[in-house]
Every structure is written in C-alpha cells, then in structure tokens.
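# A look at the structure
So you can see what is in the structure, the chains are spelled out below.
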Amino acid sequence: MLDVIIVGGGPAGMSAALTLGRAHRTVLLLDSGQGRNAPADAVHNFLTHDGTPPQVLRDLGHENLRQYPTVQSVATAATSVRRLGDDHFEVRLEDGALHESRRLLLATGLRDELPDVQGVDVLWGKSAFHCPYCHGFEASGSRIAVLGAAPERVRLALHLSRFTDDIALCTGGASLEPVMQSVLEANGVAVQCAPVARLEHEGTQLRRIVFDDGTSLDRDAVFIKTTLHQRSDFAERLGCADFPDGCVEVNEFAQTSVPGVYAAGDMARRATVPIPLAAVVAAAASGTVAGSVIDQDLVSADFKLPNPFASGRA
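Residues numbered from 1 in each chain as written. Predicted model: local features only at pLDDT ≥ 70, side-chain atom pairs only at ≥ 80, totals over all residues. Heavy atoms only, no water.

This brings us to the overall build of the protein. Within the protein one finds eight helices and 19 strands. The globule rule puts the C-alpha radius of gyration for 314 residues at 20 Å, and the 22 Å found for the protein is close to it. Taken along its principal axes, the extent of the C-alpha atoms in the protein is 70 × 35 × 35 Å. Among the 314 residues that make up the protein, the fraction classed as buried is 48%. For the protein, the share of sequence-separated contacts (at least 6 apart) that also reach a separation of at least 24 residues comes to 57%. Each charge class in the protein can be summarised by its mean position, and for the 27 positive and 38 negative side chains these summaries are 4 Å apart. (Helix = DSSP H or I, 4+ residues; strand = E, 2+ residues; numbered from the N terminus. Rg over C-alpha atoms; globule rule 2.2 N^0.38 Å. Buried < 20%, exposed > 50% of the residue type's maximum accessible area, 1.4 Å probe, protein only. Contact = heavy atoms within 4.5 Å. Lys, Arg positive; Asp, Glu negative; His and termini not counted. Charge placed at Lys NZ, Arg CZ, Asp CG, Glu CD.)

Right, here's the structure in full:
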C-alpha cells in the first residue's frame, strides 16, 4: 500500500509530492494534463519563476520529482476514489488499474466558466484576464476595461487605475449607484453602461469592445469575472464539507472534514479566506503545507504518537 496518492499534478500536487518524496514517503502523483493556467503565456508573481510559461514550469516540476525514487508520476486521470477506512483509500485510474494508499490528497483544481460574451474564449489568458496580480503589470499603460457592475468589479477598476490612465468600467447594461459612479469618475475611470455585444480582436489581441447600441470602445486588455467550478467531483463523492461557492473547506493544515483526506491548491480554502487564491505560488505553498502535515500524520500513526494536527480538522 502506498503512503499517499495525490490526485492532480499542478503546482499544489507537485509541491506536496516533492515534500513527501524528500521524506521517503511512497507517493503516486496523478497528472491528467494541462492545468487551469494553460492558456496564459506566462506564470507571474512567483519568485525566481516570474515570466515562466506554465508548461515549462510543469516540466521543471516533473524533472525535480524524478530525483526521488519513492515518487511515481503517472500521466493519467483518476476515474473514482473510495475511502475504505481512516487509513485506507482506493483510487481507480483511466486504464482500470487500482491503487491503494493510507492518505489521499486532492489537488484537482478549479475550472473557469467564461462569461457569455462573443470573442472572450479566443482572448482568454492572452488579452482577457481575471487576476490583477497575475496579469495586471503586463497591461500597464494600455487601454484597459473591466466588465461588470458588482461592487468587486468597481473595486477592481479603481485598483487598476494605478496601472493606466485609460481605464473603463463596462457594466453590461446595469446601472451603478450614483455614489459609486462619482467615485469612479473622480478617479479617472470612465463608465460605459450599454450592454456588451462582442469583443473584437485580431488573433488573440483585443482591439475593441462593441456595444449593443453600435458604439464601440478601443481597448487592449479586458478583465472579466469567471464562474468557478470544481474540476473534479471527488471531494463531493467522499463527503468533504464545502462552501456555497463550491470550494472544498479545509483548515490551515489542508485537512478536509473527512479523516485522511487532504485538499490543496485553488480548489480549497479556509473559512477565513473569502475567495480561492488563484496564484501559482499560493497553490505551491499549500501543497508544501499539505505534504508536511500528511507526513507528520503518518509519523503519528506509525509510532502511535499523538497527532499534533488532529485538533485542527476542518
């Protein structure tokens, strides 16, 4: 029986595998392919890897893991997971193979559902973005638009006003409270309230936003809000507690509500964190925490010692 099966080969899963491999734990890492950030040209805000293409970072991760003989990485997906007991999990792979482990780490990530705006799918990750920390700096000095009228979209438009002096909030047909409109205009943010018809582009470069009334606004970059979905339903099948937004609930030690099941990366968050953190460096850090806690959990089990993290279960 393996010590740990990690479902998901992104930065969280690979970081956990690295920590566990260095602790001489037997690990099976299941990497089904490209991650959430695959459409982007580069990973940003990751010290020493700022500007690295996502696939290059992934390849480097697997190169690191090959140094550790107890870590096996398989380029396949899991089709089912079962908890057979506190110390017994069963995972079935696409080829039908069954593997068993003492602990299970879910690092399957989130999936972005793009807004229903013509052209956004072509631009996603290239000139249509969602995170100012991942892509804001690269849009500095350009003509930026933020789509939406919710308070967090107003906040984002004001946030990005430091990055450029040509920014507009496109509300998509919704009206703003007068006080919010005044704050935006006082800080140099233009407001367009007409419904958006489409995003016109040349290749993957945004050129203009066209509105239903036939008017248009020349733009170089647009920040959109996506709807987040779990990439896998394994946490739900295992009975892990979650939040209304679909994120799996974990505590500060990456423990879910189900004994022996851990979760890391943007698929999971603590109750004190209002939204999932999308940064690659945050996912990698959460994987390192999960790997360390799992190792200590197994030390406690192996030597019948008190588990220092037992009281912290989500």
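Now that the structure has been shown, we can carry on.
Right, let's talk about the sheet that holds strand E14 (residues 216–218) for a bit. Strand order across the open sheet formed by three strands is E12-E13-E14, with antiparallel pairing between neighbours. Each edge of the open sheet is held by one strand with a lone partner, namely strand E12 (196–202) and E14. The average undirected angle you get between the axes of adjacent strands in this sheet is 25°. When strand E13 (residues 205–211) meets E14, the two strands line up antiparallel, connected through three bridges. When the bridges of E14 are listed, Ile209 appears paired with Leu217. (Pairing = 2+ DSSP bridges. Axes fitted to C-alpha atoms, helices over the stretch in contact; angles between N-to-C directions.)

Time to look at the pattern of salt bridges. When the charged atoms of two side chains lie near each other, side chains of opposite charge can form a pair. One pass over the full model with this rule turns up 20 salt bridges. When the shortest N-O distance is used, the salt bridge between Arg25 and Asp295 registers 2.7 Å. Of this pair, Arg25 sits in the loop between helix H1 (11–22) and strand E2 (27–30) while Asp295 sits in helix H8 (residues 280–303), placing them 270 residues apart in sequence. Here Arg25 falls in the buried class, since its relative accessible area comes to 10%. The exposure class assigned to Asp295 is buried, which follows from its relative accessible area of 14%. The network of salt bridges with common partners includes Asp3, Arg25, Arg102, Asp295 and Asp302. (Salt bridge = Lys/Arg side-chain N within 4 Å of Asp/Glu carboxyl O.)

Take the layout of surface pockets next. Looking at the largest pocket, its volume works out to about 900 Å³. Along its surface, the largest pocket is lined by 26 residues, and His130, Arg153, Lys225, Ile275 and Pro276 are the ones closest to its centre. Listed by contribution, the elements that provide at least two residues to the lining of the largest pocket are helix H4 (132–135), helix H5 (151–160) and strand E16 (227–230). Here the element with the most residues in the lining of the largest pocket is H5; it accounts for five residues. Considering only residue class, the lining of the largest pocket consists of 15 nonpolar, five polar and six charged. The calculated volume of the second largest pocket comes to roughly 760 Å³. Gly35, Arg36, Asn37, Arg231 and Asp266 are the residues nearest the centre of the second largest pocket, which is lined by 48 residues in total. Tallying contributions element by element places H1 first for the lining of the second largest pocket, with three residues. (1 Å grid on protein atoms, 1.4 Å probe; cavity = no way out; pocket = protein on both sides within 12 Å on 5 of 7 lines; lining within 4 Å. Points joined across faces, edges and corners; volume = space filled by probe spheres on them. Nonpolar A, V, L, I, M, F, W, Y, C, P; charged D, E, K, R; others polar.)

Taken in spatial order, the five strands make up an open sheet running E8-E15-E9-E10-E11, and their pairing is parallel. In this open sheet, the two edge strands, each paired with only one partner strand, are strand E8 (128–129) and strand E11 (189–192). Pairing analysis gives four bridges linking strand E9 (residues 144–147) to strand E10 (residues 167–170), with the strands arranged parallel. Directly across from Leu147, in E10, lies its bridge partner Cys170.

So, on to H1. For H1, which comprises 12 residues, the first-to-last C-alpha distance of 16 Å matches the rise-based estimate of 16 Å (1.5 Å per residue) to within 8%. Of all 12 residues in H1, nine are buried; the element is thus mostly enclosed. (Expected span 1.5 Å × (residues − 1).)

Now for the pairing of strand E1 (residues 2–7). For E1, the buried fraction is high: six of the six residues fall into the buried class. Across five bridges, E1 lies against strand E6 (residues 98–106) in parallel orientation. Residue pairing for E6: Ile5 is matched across the bridge by Leu104. Pairing between E1 and E2: four bridges, direction parallel. In the sheet register, Val4 faces E2, and the bridge partner there is Val27. This β-α-β element, E1 to H1 to E2, shows right-handed connectivity. (Right-handed = clockwise from strand over helix to strand, strands pointing away.)

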